[in-house]
Amino acid sequence: MRELFNIAKSGLMASERQTAVTANNIANANTPGFSRQRVDTSPIDYKKNNLSIGLGVNVDQVTRLRNEMIDSQIRMKESMIEEFGARSEVLEQIQEIFSTQTGNDLDQVLGKFLNSFSELSSNPEDYNRRQNVIRETQNLTQKFQSMSQQLGSIQEQTAEKASGVVSEINGLLSELADLNHSIRRGNAAGKPDNNSLDVQTQKLEQLAKLVDIDTLKDENGGLEVRIGGIVVIQGDKAVNLRGESDAANQQFRVRLENGTIIKPEGGKLGANIALISDEIPGYQSELDAIANALITEVNSLHTSGFDLNGDAGLNFFDPDATGARNITFNMAVGSDPNKIAASAAPNAPGNTQIADQIFGLRNQKLSDGQTVIEKSITLGSKAGSELNNARIQMDTARSAKNMLFNQQEKISGVNIDEELTDLIKFQNSYQASARVLNSAQQMYDTLLSIV
Amino acid sequence: MMDLTKHINNSDTLITAIRQLISGYKKTEELIDRQITSVVKSNVDELTDFADQQTRINQELEDLEMTFRNEMDTLFAQLAPNEQQRKLSFLIPHLPTKQKEVDALRQTLISSITNAKNKQAQLLNLLEFAQQHTTETLRAIHAMSNNTSKRYTVNGKAATEHRSFAINQTA
């Protein structure tokens, strides 16, 4: 009778626990990062005369249903979404510098500048045409300087954003270290702290958005987190990161308290660092190359000519300029239209050889096989194409993350044979779709080339 | 007068060909969107069905492109026989009354092709990821069910428990 009572009591307790877990599952159905839990039960029995006598059930533990491989892939995708999102945001700003949609793009301003020499050729002594050259030159130098300044301020804003991201990372690292403490304590006591594990999953997702991370579980269930291969959380201790903006060298560094530099490559921070250190300086240096090529070529032609007073031509641009940032019109020429050297011979005001040659720069290929105008068009379209690419990558990562989320939702109660069959079916289907798409890939480019 | 009427008729045929191409590429774009959704939902039957539809639509687009090329060739022969490059943009200035209309359609066609091309790149990237993910899942299941494989902790000690991997566990 007593045994019967105990069987009923253990059954009731197990059922009560199952109901509580189910209620918890339902209550948290919409909580981000929450994993369903289940009650693992085992029969209690004892053997008597080789017979097993049932005594009811024991609640062994409450298991958290979660696939950590999918979790880690979701984190990777989150990291990519944020990385490409941050890149897109900045590339969009860069594209706006290069494509104004107001007819004031660099190639157009350059074109107007070179055309002003062609107009001068048709009447080299005309004061208005000389004034026009001055006006277009001023527009051009202002354009170069303003583009360079805008790139510089985008770089500064990106560095500020990166500093903000480092602070957010520090906050999350500290929270994750605290969670490690309670998870390890729960595991040591044989009662896994499933709720803290869920918060940990959620915080890790937030961290992955900011920076690419690697995680390892220690034997007590604590999580070791690394950024760029360097440990930032171990046990219940988290390091504090410091962001350093080095404007002179166009770098942004992240250091630990002991001075070690860590090099994040993904997430918002990775994207910001790559933009500050490589991508924005890349645009800046290509813009400088265009400005420098123009300074060298125009100065070389202009100093070989003669102005309206019969004097040898001066440098047209300041020869000490180092690029787009400080390209300057030589004020000696800028303040006196007669100082524009259009002629190849002294005291030959009707000679327009130099003006023609400067106009000829329009079609003159530089050492890399492109004209200055072609170079500026290429630079402008580079920003557009990189932005397009970043958006495609971001959309792909977002779809892949949604796919993983759906798979995470489906976990539990699946027969292994069915699962393997399904996976093979998936694989075949993915391959077939990719084959169909690949076969048509050329079609787009062929048609674009004839419209 | 006869010639002008003929040109206008041919321009109309060209316009129809461009409109059909635009509509074909819009359909492709919609189909690619549906394929992305079915990969995200892991709906294999839907994806197979869409792959069949994609094969058909690819064939249709090839035929439409051929018609478009033929229409352009006819108009080039009549209006600009010396033009070396057979591009729609070079033909437009020679179209007497339909310049604006054809130019606007050209812009729409370019944007439809570009959108479809971008979507296709996105789907291909996603399919590549899905294949890689499935391979990794198969590998993980194999490792879990393989009694000869051992797991080690970060400290190099043999782990007593499998890494948490809940697929196929009975709830």
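Remember, predicted model here, so these are calculated numbers, not experimental data.

Parameters and conventions
- Residues numbered from 1 in each chain as written.
- Chains lettered and ligands numbered in written order.
- Predicted model: local features only at pLDDT ≥ 70, side-chain atom pairs only at ≥ 80, totals over all residues.
- Heavy atoms only, no water.
- Helix = DSSP H or I, 4+ residues; strand = E, 2+ residues; numbered from the N terminus.
- Buried < 20%, exposed > 50% of the residue type's maximum accessible area, 1.4 Å probe, protein only.
- Contact = heavy atoms within 4.5 Å.
- Areas by Shrake-Rupley, 256 points an atom, 1.4 Å probe, with all protein chains shown as cover.
- pLDDT = per-residue confidence, 0-100.
- Buried area = accessible area lost by both parts, 1.4 Å probe.
- Salt bridge = Lys/Arg side-chain N within 4 Å of Asp/Glu carboxyl O.
- Polar contact = N/O pair within 3.5 Å; in protein donor to acceptor, adjacent residues only side chain to side chain.

Q: Where do I start with the overall build of chain A in this structure?
A: When helices and strands are tallied, chain A shows 11 helices and nine strands. The buried share of chain A, taken over its 451 residues, is 45%. Within chain A, residue pairs in contact and separated by at least 24 positions form 67% of the contacts whose partners lie at least 6 positions apart. For chain A, the computed accessible surface area is about 21,400 Å², with 47% contributed by carbon and sulfur atoms.

Q: It is not clear to me how unusual backbone geometry should be interpreted in this structure. Could you clarify?
A: For residues that are not glycine, phi is negative in most cases, and the peptide bond is trans in most cases. Located in the positive-phi region is A:Asn347, a residue other than glycine, with phi close to 55 degrees. Mapped onto the fold, A:Asn347 is located in the loop between α7 (331-334) and α8 (353-360). Of note, B:Ser42 is a non-glycine position whose phi angle comes to about 55 degrees, a positive value. The residue B:Ser42 is located in the loop between α1 (2-40) and α2 (44-79) in this model. B:Ser42 sits in the buried class, given a relative accessible area of 9%.

Q: Looking at this structure, I do not really get the confidence of the model for chain A. What am I missing?
A: Detailed conclusions should not be drawn from predicted coordinates in areas where pLDDT is low. Here chain A shows a mean pLDDT of 84. Residues at 70 or above account for 83%. Across chain A, the secondary-structure element scoring lowest on mean pLDDT is helix α1 (residues 2-27) of chain A, at 52, and the one scoring highest is α8(A), at 96.

Q: What is the right way to read the interface of chain A and chain B from this model?
A: When the parts of a complex come together, some accessible area is lost, and that lost area is often used as the size of the interface. Contacts between the two partners involve 58 residues from chain A, matched on the other side by 67 residues from chain B. Between chain A and chain B, the buried area comes to about 5,700 Å², and carbon and sulfur atoms account for 65% of it. Area buried by chain A at its contact with chain B is led by A:Leu437, A:Tyr444 and A:Val451, which between them contribute 14% of it. Taken together, chain A and chain B are joined by one salt bridge. The salt bridge involving B:Lys117 is made with A:Asp445; its shortest N-O contact spans 2.8 Å. Scanning the region where chain A abuts chain B turns up 13 residue pairs in polar contact (both at pLDDT 80 or more). Elements that contribute at least two residues to the side of chain A that touches chain B include exactly α2 (68-98), β3 (214-217), α9 (372-410), α10 (416-439) and α11 (441-450) of chain A.

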